[in-house]
Amino acid sequence: MTLYIGREASKFWKRICTETTTEINLLLDNWKYVLAGLIFQYIHGLAAHGVHYLHRPGPTLQDLGYFLLPELGQDKAYISETVFSFVFLSFVLASQFLRIITFFSTQLPGPNYHCREGSKLARLPKPANVLEVLLINFPQGVVYGCGDLIFSSHMIFTLVFVLTYQKYGTRRCIKQFSWLLAIIQSLLIVASRKHYTVDIVVAWYTVNLVVFFIDKKLPELPDRSNGNSPVLLPLSTKDKDTKTREENHKLLNGNSVDPADWA
């Protein structure tokens, strides 16, 4: 029994080391994309803070979700954030870019409690200097923002995580639970009056369309289910053309080609 546990522990540790090495190599080769993502996330935060200067509080708009879902109340608004944090910690540039365009195009009166008429946080005074805008008053400027409504950033992250696990995950029960969480998250956001229903609806079809487009246009990483597989990046167009020419040359010379090479 002790020998079996030791052997399995050794395999498990080897798998961890293999996966860690693979991830580090991928990070070293793709750090520019990670850096671009962090920079764009800051740009998104900057835009969300900037639109708050344009926000004008007004009567809450008529909304179907508000009629159907009872209001949680300001003291229970943390519930939707708790669900989102769970999804975020358990597990998006194009969607964020589209979001910036939409919430700057038309500024809706924010339905959140701190964005309503009479709240001191509903409007921001004119910035004294450029630095005040660039620093986005973190973290208060992020937590108490107004005007960045269409479409929900929470749902962007939630759906990206769910769709990612739907594609790469192996446990069916977790996939089903993830979709259930996404639906619950959508309802809680509306019930908390943090967004209008249209913000949630637009997020659902926009994120799915963006993910669909990326799946069709970007190459896939090689399967790493086998711990002994080499660390590879997607083949470039030049590499693919070279490989095709080599395969055609083999066929012309009468040499056989490994069927696995065509996969």
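Cut-offs used in this document
- Residues numbered from 1 in each chain as written.
- Predicted model: local features only at pLDDT ≥ 70, side-chain atom pairs only at ≥ 80, totals over all residues.
- Heavy atoms only, no water.
- Helix = DSSP H or I, 4+ residues; strand = E, 2+ residues; numbered from the N terminus.
- Buried < 20%, exposed > 50% of the residue type's maximum accessible area, 1.4 Å probe, protein only.
- Core = buried A, V, L, I, M, F, W, Y, C linked by side-chain atoms within 4.5 Å.
- Contact = heavy atoms within 4.5 Å.
- Phe/Tyr/Trp six-rings, centres within 6.5 Å; stacked < 30°, edge-to-face > 60°.
- Lys NZ or Arg CZ within 6 Å of the ring centre and 35° of its normal.
- Polar contact = N/O pair within 3.5 Å; in protein donor to acceptor, adjacent residues only side chain to side chain.
- pLDDT = per-residue confidence, 0-100.
- Salt bridge = Lys/Arg side-chain N within 4 Å of Asp/Glu carboxyl O.
- Patch = residues over 30% accessible without salt bridge, like charges linked within 9 Å, V, L, I, M, F, W, Y side chains within 5 Å.
- Areas by Shrake-Rupley, 256 points an atom, 1.4 Å probe, with all protein chains shown as cover.
- Expected span 1.5 Å × (residues − 1).
- Arc of directions from axis to C-beta.

### A look at the overall build of the chain
(1) Moving on: Secondary structure assignment for the chain yields ten helices and zero strands.
(2) Moving on: The helix and strand sequence of the chain, counted from the amino end, reads α-α-α-α-α-α-α-α-α-α.
(3) Moving on: Within the span of the chain, comprising 263 residues, buried residues form 32% of the whole.

### Digging into unusual backbone geometry
(1) Moving on: Residue phenylalanine 151 is reached from isoleucine 150 by a cis peptide bond, and omega for that bond is 0 degrees.
(2) Moving on: In this structure, arginine 193 is a non-glycine residue whose phi angle is positive, near 60 degrees.
(3) Moving on: Examined against the element boundaries, arginine 193 turns out to sit in the loop between helix H8 (172-191) and helix H9 (197-217).
(4) Moving on: Note on arginine 193: relative accessible area 6%, which makes it buried.

### Here we look at the nonpolar core
(1) Moving on: Phe151, Met155, Ile156, Leu159, Tyr196, Ile200 and Val207 are the most contacted members of the largest nonpolar core, which has 18 residues in total.
(2) Moving on: Sorting the residues of this core by element identifies helix H7 (153-168), H8 and H9 as the ones contributing at least two each.
(3) Moving on: Broken down by element, this core gets its largest block of residues, six residues, from H7.
(4) Moving on: Setting aside anything within four residues of it in sequence, one finds isoleucine 200 in contact with Ser152, Met155, Ser186, Ile189, Val190 and His195.

### Quick look at the packing of aromatic side chains
(1) Moving on: As enumerated under the stated definition, the model contains three aromatic pairs in all.
(2) Moving on: The lysine or arginine in question, arginine 193, covers the ring of tyrosine 66, its NZ or CZ lying 4.1 Å from the ring centre.

### Focus on the side chain of lysine 194
(1) Moving on: Mapped onto the secondary structure, lysine 194 falls in the loop between H8 and H9.
(2) Moving on: Note on lysine 194: relative accessible area 16%, which makes it buried.
(3) Moving on: Among all residues touching lysine 194, those that are not within four sequence positions of it are Ala77, Ser80, Glu81, Pro111, Asn112, Leu149 and Ile189.

### Considerations on the environment of tyrosine 66
(1) Moving on: If you trace the backbone, tyrosine 66 turns up in helix H2 (residues 64-68).
(2) Moving on: Once residues within four sequence positions are removed from consideration, tyrosine 66 is found in contact with Thr60, Leu61, Pro111, Val190, Arg193, His195, Tyr196 and Thr197.
(3) Moving on: Among the polar contacts made by the side chain of tyrosine 66, one reaches the main-chain carbonyl oxygen of histidine 195 at a distance of 2.7 Å.

### Some points on the confidence of the model for the chain
(1) Moving on: Of the residues in the chain, 72% reach a pLDDT of 70 or more, and the chain-wide mean stands at 75.
(2) Moving on: Here residues 223-238 scores under 50 on pLDDT; set against residues more than four positions off or in separate chains, the count is 22 contacts.
(3) Moving on: Ignoring residues within four places in sequence, the model shows residues 256-263, a span with pLDDT below 50, making nine contacts including any to other chains.

### Re the pattern of salt bridges
(1) Moving on: Counted by the stated rule, this structure contains two salt bridges.
(2) Moving on: Residues arginine 116 and glutamate 71 are paired through a salt bridge, measuring 3.6 Å at the closest nitrogen-oxygen approach.
(3) Moving on: You can call arginine 116 partly exposed: its relative accessible area is 24%.
(4) Moving on: Judged by its relative accessible area of 42%, glutamate 71 falls in the partly exposed class.

### As for a nonpolar patch on the surface
(1) Moving on: A surface patch of nonpolar side chains, amounting to about 1,100 Å² of accessible area, comprises Leu27, Trp31, Val34, Leu35, Leu38, Ile39, Tyr42, Ile43, Val130, Leu131, Leu134 and Leu135.
(2) Moving on: For the nonpolar patch, the secondary-structure elements that each account for two or more residues are helix H1 (2-54) and helix H5 (130-134).
(3) Moving on: At eight residues, H1 tops the list of elements feeding residues into the nonpolar patch.
(4) Moving on: Here leucine 131 is to be found in helix H5.
(5) Moving on: Residue classification places leucine 131 among the exposed residues on the basis of a relative accessible area of 51%.

### So, the environment of tyrosine 53
(1) Moving on: Here tyrosine 53 is to be found in helix H1.
(2) Moving on: Taking the relative accessible area as the measure of exposure, tyrosine 53 reaches 15% and is therefore buried.
(3) Moving on: Beyond its immediate stretch of four places on either side in the chain, tyrosine 53 contacts Leu124, Pro125, Lys126, Pro127, Glu132 and Val133.

### As for H9
(1) Moving on: Here H9 is 21 residues long and its end C-alpha atoms lie 31 Å apart, about the 30 Å a rise of 1.5 Å per residue gives.
(2) Moving on: Those residues of H9 that sit buried are Asp199, Ile200, Val202, Ala203, Thr206, Val207 and Val210. Seen from one end, H9 has its buried residues packed into an arc of 155 degrees, which puts them on one side. In this structure, H9 carries Leu209, Phe212 and Lys216 as exposed residues pointing more than 90 degrees from its buried face.

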